[in-house]
Amino acid sequence: MTEPTNSLTAHVAPLDAGEHVAAAAFLGDEPALALAGGAIKLSGRDVVAHPEGAILCAVLDGDRLITGGDDGRVVATSAAGAEEIADEKGKWIDALAARDGALGWSAGKTVSARDAKGATKTWEAPTTARGLAFLPKGYRLACAHYNGVSLWFPNADATPQVMEWKGSHLDASVSPDGRFLVTSMQENALHGWRLSDGRNMRMTGYPSKTRSLSWSHDGHWLATSGAEACVVWPFKEKDGPMGKPPRECGVRPLRVTQVACHPRALVVAIGYADGLVMLCRLGDGAEILVRDASSSDGAISALAWDKQGARLVFGTEAGRAGLLTLPA
Amino acid sequence: MSEPERASEKTPVTVLTGYLGAGKTTLLNRILSEPHGKRYAVIVNEFGEIGIDNELVVGADEEVFEMNNGCICCTVRGDLIRIIEGLMRRKGKFDAIIVETTGLADPAPVAQTFFVDEDVRALSRLDAVVTVADAKWLSQRLRDAPEAKNQIAFADVIVLNKIDLVTPAELAEVEGRIRAINPYATLHKATKCDVAIADVLERRAFDLDRILEIEPEFLTVDEHDHDHHHGHDHDHHHHGLKHYHDEDMQSVSARLDGDVDPNKFMPWINNLTQVQGPKILRCKGIVAIKGDPKRFVFQGVHMMLDGEPQREWRDGEKRESKVVFIGRDLDEDEIRAGFLACAA
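Residues numbered from 1 in each chain as written. Chains lettered and ligands numbered in written order. Predicted model: local features only at pLDDT ≥ 70, side-chain atom pairs only at ≥ 80, totals over all residues.

A. Broad picture of the overall build of chain A. The helix and strand tally for chain A stands at zero helices and 31 strands. For 328 residues, the compact-globule estimate of 2.2 N^0.38 gives 20 Å, and chain A sits close to it at 19 Å. Its C-alpha atoms give chain A principal-axis dimensions of about 55 × 50 × 30 Å. The buried share among the 328 residues of chain A stands at 54%. (Helix = DSSP H or I, 4+ residues; strand = E, 2+ residues; numbered from the N terminus. Rg over C-alpha atoms; globule rule 2.2 N^0.38 Å. Buried ≥ 20, exposed ≤ 12 C-beta atoms within 10 Å, placed from the backbone.)

So this is what it looks like as structure tokens:
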């Protein structure tokens, strides 16, 4: 299974990015590339979301792409243009989260949450908040930091509940059903908690850091980057992946840098350090090539499906990008 | 891993340390205001002291984290990992990074960050630790401030600043005290940090390729070497310096003619740095491995070692092995005996 058995390369249209693609998304039907230099590239036009800054993080919120920059600004870009959400006066925006119009962002230790009506609350994390994720129910934000994750209710005065685990936690992700919280760690591992009882889950064995995590549409699987395969952990059972080995999809002698689960099918899009992109079916591991590797293109740095799962947009560190339209 | 190491494309990082009031910010402002045509990203802990506004200035928090790898002295700067990753989004907009640490900072976590974090290693390389010292107050600080001593011991380059405020005798004394701790750093005497940029930047002090280029200093500034095999005199006073002995921080060097047995040397150096790592601040060495046509070079910070085979021994070049350690309460006799026992 190391060689793709089929190819969709003829269905990929190149997009012109021109610089490091920090993130990709679909704003409605329109593919959007967030460029490191601060602009959002839409079809035929650029929206300069961060004129004086670089884009550090991005998250999709409905039909808006939210970006955080080293200019200290949080900006929402839609087909209508860019709108400033917050200005942290030059402090880098380190992390973002979005759900149903609510936004969370962090700048150093300061975590802010803004509800859909625009009311903003802030909280000081014990150390820099590196990753944020909204829980699917209630208005609650998981903030990953050193030695654990704090679960903060922005509208309550109560001290956030802390899920402790020693070490530096980077990205935070919550399963779509809200049962599990998972972080990536400095120590080339993932850590998980079952939220009902705080039970710990260690997911180790990665040769490098995991910086891309994606839940399958049914919430039963978590696809991850950081190994020379897409490592997929089972979360269907009540114990999550405890005592179960993960599956490995798309095994190649190159590091997986981005993963994105299909929104309707048990298929994961996998991007590698050499710019190759493939689709892999979770059930049987069947592989389909989307884009071949190219020595000059750099690692895949952005990967996103549209809502229907009919199109996939990707971008690389070297400024190449493309749009796959699945044949009907 | 699979990608080739492209050292030349890695952004050099200079770490600027120095006790409170020594003149770090003066040196930083001097570097930034020179017409050198280079663009720097500067990572600082306090905004507002830098008078240059066309540079990229990033505020840091000095968040020192322990790694969960069971190594007790393995601390890293978590904020630095995040900032270097973020700065790469502006790749091409600056040529080098300068990290200014607070006056009380231990340089080790900064340096260790460049050993430990794979992403940081892939993007950048530690160029040198530059320590600014106050000629008037350093002798006092070495007595009462362990941080100041750490910074001197750790340095690749020492800028001995404010020499206009001391007498020649006081200057000789402070220089002697510095050399008692760290005889290997390049030392520049300065007033208002008036040193040439080239003396503090682009030093490649952590570059294994350069360990052979710094060999003359490495060999001759050898005030603590009591090894009698090597036929070069105990030249303690060749700088006209008084010889001091620092009670808790020393350097130990050892040398042997000919080869080491890799089956003895590798376990010895690994064990020494594991067991005594908390006490060893820096180490370096060039050794002749029996049967290997190439020189083996290594360097380390506390428990972390980085080593690789180097160029081949040249025709007519004498195969010899030497190691240097700087640290606290080092058992000189034990280290030397351990090294000599590695002889092939």
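Moving on, there is more to tell.
B. Structural view of the overall build of chain B. Helix and strand counts for chain B come out as eleven helices and 14 strands. In chain B, buried positions account for 44% of the 344 residues. Within chain B, contacts between residues at least 6 apart in sequence are counted, and of these 77% link residues at least 24 apart. (Contact = placed C-beta atoms within 7 Å.)

C. Local environment of the sheet that holds strand E27 (residues 277–281) of chain A. Residues and elements named next belong to chain A. The strand order across the open sheet formed by five strands is E1-E28-E27-E26-E25, and the pairing between neighbours is mixed. The open sheet is flanked by strand E1 (6–7) and strand E25 (256–261), the only strands paired with a single partner. Pairing of E1 with strand E28 (residues 287–291), which is carried by two bridges, proceeds in the parallel orientation. Paired with Asn-6 across the strands is Ile-288, a residue of E28. (Pairing = 2+ DSSP bridges.)

D. Main features of the interface of chain B and chain A. Contacts between the two partners involve 18 residues from chain B and, on the opposite side, 25 residues from chain A. Considering every element that reaches the side of chain B that touches chain A, the biggest residue donor is helix H2 (residues 78–87) of chain B, with four residues.

E. Spatial organisation of the domain arrangement of chain B. Residue and element names in this part refer to chain B. Here chain B is partitioned into domain 1 (7–206) and domain 2 (225–340). Facing the 23 residues of domain 1 at the interface are 21 residues of domain 2. When contributions to the side of domain 1 that touches domain 2 are tallied by element, the ones reaching two or more residues are helix H3 (107–116), helix H6 (146–154) and helix H7 (168–181). When its residues are assigned to classes, the side of domain 1 that touches domain 2 shows 15 nonpolar, three polar and five charged. (Domains from an automatic or database assignment. Nonpolar A, V, L, I, M, F, W, Y, C, P; charged D, E, K, R; others polar.)

F. Fine view of unusual backbone geometry. A positive phi is found at Asn-188 of chain A, a non-glycine position, where the angle reads about 50°. Relative to the assigned elements, Asn-188 of chain A resides in the loop between strand E18 (180–185) and strand E19 (189–194). Residue classification places Asn-188 of chain A among the partly exposed positions, given that 16 C-beta atoms sit within 10 Å. For Lys-192 of chain B, which is not a glycine, the phi torsion comes out positive at approximately 50°.

G. Representation of the nonpolar core in the model. Membership of the largest hydrophobic core comes to 102 residues, with the highest contact counts inside it found for Ala-24, Leu-96, Cys-230, Val-268 and Ile-270 of chain A. The dominant element in this core, judged by the number of residues it contributes, is strand E3 (residues 21–27) of chain A, at seven residues. Contacts of Ile-270 of chain A, omitting those with residues within four sequence positions, involve Cys-230, Cys-249, Gly-250, Val-256, Val-259, Val-277, Met-278 and Cys-280 of chain A. Counting residues in each nonpolar core, the second largest holds 94 residues, with Leu-16, Val-260, Leu-272 and Phe-296 of chain B among its members. (Core = buried A, V, L, I, M, F, W, Y, C linked by C-beta atoms within 7 Å.)

H. Helix H11 (residues 332–340) of chain B, seen in detail. Residues and elements named next belong to chain B. All of the buried residues along H11 are Ile-335, Arg-336 and Phe-339. The arc that holds every buried residue of H11, seen down its axis, measures 95°, which confines them to one face. What points out from H11, more than 90 degrees from its buried face, is the exposed set Asp-333, Glu-334 and Ala-337. Summarising the contacts, the buried residues of H11 are in contact with strand E10 (249–257) and strand E14 (320–328). (Arc of directions from axis to C-beta.)

I. Quick look at the pairing of strand E26 (residues 267–272) of chain A. All names here are of chain A. Within E26, six of the six residues are buried, leaving the element largely enclosed by the surrounding structure. Strand direction decides the pairing type here: E25 and E26, joined by five bridges, are antiparallel. From the neighbouring strand, Gln-258 faces E26, where its bridge partner is Gly-271. The hairpin turn running from E25 into E26, its antiparallel successor, is five residues long. Inspection of the sheet shows E26 paired to E27 by five bridges, in the antiparallel sense. Residue pairing for E27: Ile-270 is matched across the bridge by Met-278. Between E26 and E27, which pair antiparallel and follow one another directly, the connecting turn spans four residues, one of which, Gly-275, has a positive phi of 90°.

J. Summary view of helix H10 (residues 262–276) of chain B. For H10 of chain B, spanning 15 residues, the distance from its first C-alpha to its last is 20 Å, which sits close to the expected 21 Å at 1.5 Å a residue. Residues of H10 of chain B that are buried in the fold lie against strand E11 (280–288), strand E13 (304–312) and H11 of chain B. (Expected span 1.5 Å × (residues − 1).)

K. Spatial organisation of the confidence of the model for chain B. Residue and element names in this part refer to chain B. Per-chain confidence: chain B averages 84 in pLDDT, with 84% of residues scoring 70 or above. Within chain B, the lowest mean pLDDT, 43, falls on helix H9 (residues 215–220), and the highest, 96, falls on strand E8 (residues 157–161). Counting contacts from residues 1–7, a segment whose pLDDT is below 50, to residues more than four positions away or on other chains yields five contacts. Confidence estimates for the predicted assembly give a pTM of 0.88 and an ipTM of 0.91. (pLDDT = per-residue confidence, 0-100.)

L. The sheet that holds strand E30 (residues 311–316) of chain A, seen in detail. Residues and elements named next belong to chain A. Spatially, the four strands line up as an open sheet ordered E2-E31-E30-E29, and their pairing is antiparallel. Edge positions in the open sheet fall to strand E2 (12–16) and strand E29 (300–305), since each of these has one partner strand only. Neighbour-to-neighbour, the strand axes of the sheet open up by a mean angle of 20°, direction not taken into account. Relative to strand E31 (residues 320–325), E30 is paired through five bridges, and the arrangement is antiparallel. If you follow Gly-315 over to E31, its bridge partner there is Ala-321. (Axes fitted to C-alpha atoms, helices over the stretch in contact; angles between N-to-C directions.)

M. Highlighting the environment of Ile-289 of chain B. Residue and element names in this part refer to chain B. Relative to the helices and strands, Ile-289 is located in the loop between E11 and strand E12 (294–301). Sequence separation of Ile-289 and Trp-268 is 21 residues, and the distance between their C-alpha atoms is 14 Å. Excluding residues that lie within four positions of it along the chain, Ile-289 makes contacts with Asp-259, Val-260, Pro-262 and Phe-296.

N. Representation of the pairing of strand E7 (residues 124–134) of chain B within the structure. All names here are of chain B. The buried fraction of E7 amounts to ten of the eleven residues, a majority that puts the element mostly inside the structure. Where strand E1 (residues 11–18) meets E7, eight bridges bridge the pair, whose relative direction is parallel. In the strand pairing of E7, Thr-11 is matched with Ser-124. In terms of strand pairing, E7 meets E8 through five bridges, oriented parallel. From the neighbouring strand, Ala-133 faces E8, where its bridge partner is Leu-160.

O. Representation of the environment of Leu-303 of chain A. Residues and elements named next belong to chain A. The topology assignment puts Leu-303 in strand E29. A tally of 25 C-beta atoms within 10 Å means that Leu-303 is categorised as buried. Between the C-alpha atom of Leu-303 and that of Ala-321, which follows or precedes it by 18 residues, the distance is 9.6 Å.

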